[in-house]
Amino acid sequence: PPPPAPPPPPRPPAEESGGQWVGTGVAPSALAVGDLKAVDVTGPRGNDLTLIVGRRPSEDGEGELFGVTANCGRCSFPLLSARVEDGKITCGLCGTVHSLEDGSFGGDAPEGVVSRVVSGLFNGLKFKRIGIYPVRVLNDRLQLLIPV
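Note that the structure is a prediction, hence the values are computed from the model and not measured. (Residues numbered from 1 in each chain as written. Predicted model: local features only at pLDDT ≥ 70, side-chain atom pairs only at ≥ 80, totals over all residues. Heavy atoms only, no water.)

**Some thoughts on the overall build of the chain**
Argument step 1. On a plain count of helices and strands, the chain comes out with one helix and eleven strands.
Argument step 2. Scanning the chain from its N terminus toward the C terminus, one meets helices and strands in the order β-β-β-β-β-β-β-β-α-β-β-β.
Argument step 3. Long-range contacts, defined here as pairs at least 24 residues apart, represent 51% of the contacts in the chain between residues at least 6 apart.
Argument step 4. For the chain, the computed accessible surface area is about 8,600 Å², with 53% contributed by carbon and sulfur atoms. (Helix = DSSP H or I, 4+ residues; strand = E, 2+ residues; numbered from the N terminus. Contact = heavy atoms within 4.5 Å. Areas by Shrake-Rupley, 256 points an atom, 1.4 Å probe, with all protein chains shown as cover.)

**So, the state of the cysteines**
Argument step 1. The full count for this structure, using the stated rule, is zero disulfides.
Argument step 2. Looking at C72, it has no disulfide partner, and the nearest cysteine sulfur is the one in C94, 3.7 Å off.
Argument step 3. Judged by relative accessible area, C72 falls into the buried class, the value being 4%.
Argument step 4. C75 provides the cysteine sulfur closest to C91, a residue in no disulfide bond, and the two sulfurs are 3.7 Å apart. (Disulfide = S-S within 2.5 Å. Buried < 20%, exposed > 50% of the residue type's maximum accessible area, 1.4 Å probe, protein only.)

**With respect to the pairing of strand β11 (residues 141-146)**
Along any regular strand the residues' side chains alternate between the sheet's two faces.
Argument step 1. Summarising burial for β11: five of the six residues are buried, a large majority.
Argument step 2. Note that strand β1 (residues 20-23) and β11 share four bridges and pair antiparallel. Along β11, the bridge assignment pairs V22 with L144.
Argument step 3. Looking at chain direction, strand β10 (residues 135-138) and β11 are connected through four bridges and run antiparallel. Its bridge partner lying in β11, R136 is registered against Q143. (Pairing = 2+ DSSP bridges.)

**Notes on the sheet that holds strand β4 (residues 64-69)**
The strands making up a sheet associate through backbone hydrogen bonding, with each pair oriented either parallel or antiparallel.
Argument step 1. Spatially, the four strands line up as an open sheet ordered β2-β3-β4-β9, and their pairing is antiparallel. The open sheet is flanked by β2 (36-42) and β9 (132-133), the only strands paired with a single partner.
Argument step 2. Bridge count for β2 against strand β3 (residues 48-56) is seven bridges, and the pairing is antiparallel. Paired with D40 across the bridge in β3 is T50.

**What to know about the nonpolar core**
Argument step 1. In terms of nonpolar packing, the biggest core is built from 15 residues, with L36, V68, L79 and I89 touching the most fellow members.
Argument step 2. Setting aside chain neighbours within four positions, we find L79 in contact with L36, I52, T69, A70, N71, C72, I89, C91, H98 and I130.
Argument step 3. Of all hydrophobic cores here, the second largest spans eleven residues; its members include L51, V53, Y133 and I146. (Core = buried A, V, L, I, M, F, W, Y, C linked by side-chain atoms within 4.5 Å.)

**Looking at the environment of A70**
Argument step 1. Here A70 shows up in the loop between β4 and β5 (83-85).
Argument step 2. A residue is classified by how much of its surface remains accessible, and A70, at 12% relative accessible area, is buried.
Argument step 3. Residues A70 and L49, 21 residues apart in the sequence, show an inter-C-alpha distance of 8.7 Å.

**Observations concerning the side chain of H98**
Argument step 1. Inspection of the secondary structure puts H98 in strand β7 (residues 96-99).
Argument step 2. A distance of 3.4 Å separates the side chain of H98 from the backbone nitrogen of G73, its partner in a polar contact.
Argument step 3. Residues contacting H98, with those up to four places away along its chain left out, are C72, G73, L79, G87, K88, I89, G103, S104, G106, F127, K128 and I130. (Polar contact = N/O pair within 3.5 Å; in protein donor to acceptor, adjacent residues only side chain to side chain.)

**Brief notes about unusual backbone geometry**
Argument step 1. Positive phi values are uncommon outside glycine, yet S76 reaches one of about 65 degrees.
Argument step 2. Relative to the elements of secondary structure, S76 occurs in the loop between β4 and β5.
Argument step 3. With a phi angle near 60 degrees, D140 is a residue other than glycine that sits in the positive phi range.
Argument step 4. Summarising the element assignment, D140 is placed in the loop between β10 and β11.

Shown next, in the form of structure tokens:
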């Protein structure tokens, strides 16, 4: 068989490609470490997007804010029930692990019989990288950088 295709090159930051900061209405204090919250925002082209903001563990204990697309890159299940740890977000349905650095596939993390069966159902589906959105705080509200 031919060797696997190399991974796609990393995408340039949205700021370099003409991205736009959009407000989420969420205060940073509303997110404890490990929390996830769905937000509806309007993108730079007027398109409605549902994204997820969260706070992942960090060395300082304060947690690091992040933004991602709302659904798993394999089974399209909402990531709102996902687990966040070690710089990764794990789908609560199929067990697919996504990197919070670049959205790439990080493997499967099935636990228990039910998770292994469910994960097996999605093995044939093509994986899609999830979107990762830089986060900043302005006037005590989170903003996400959305590419144009």
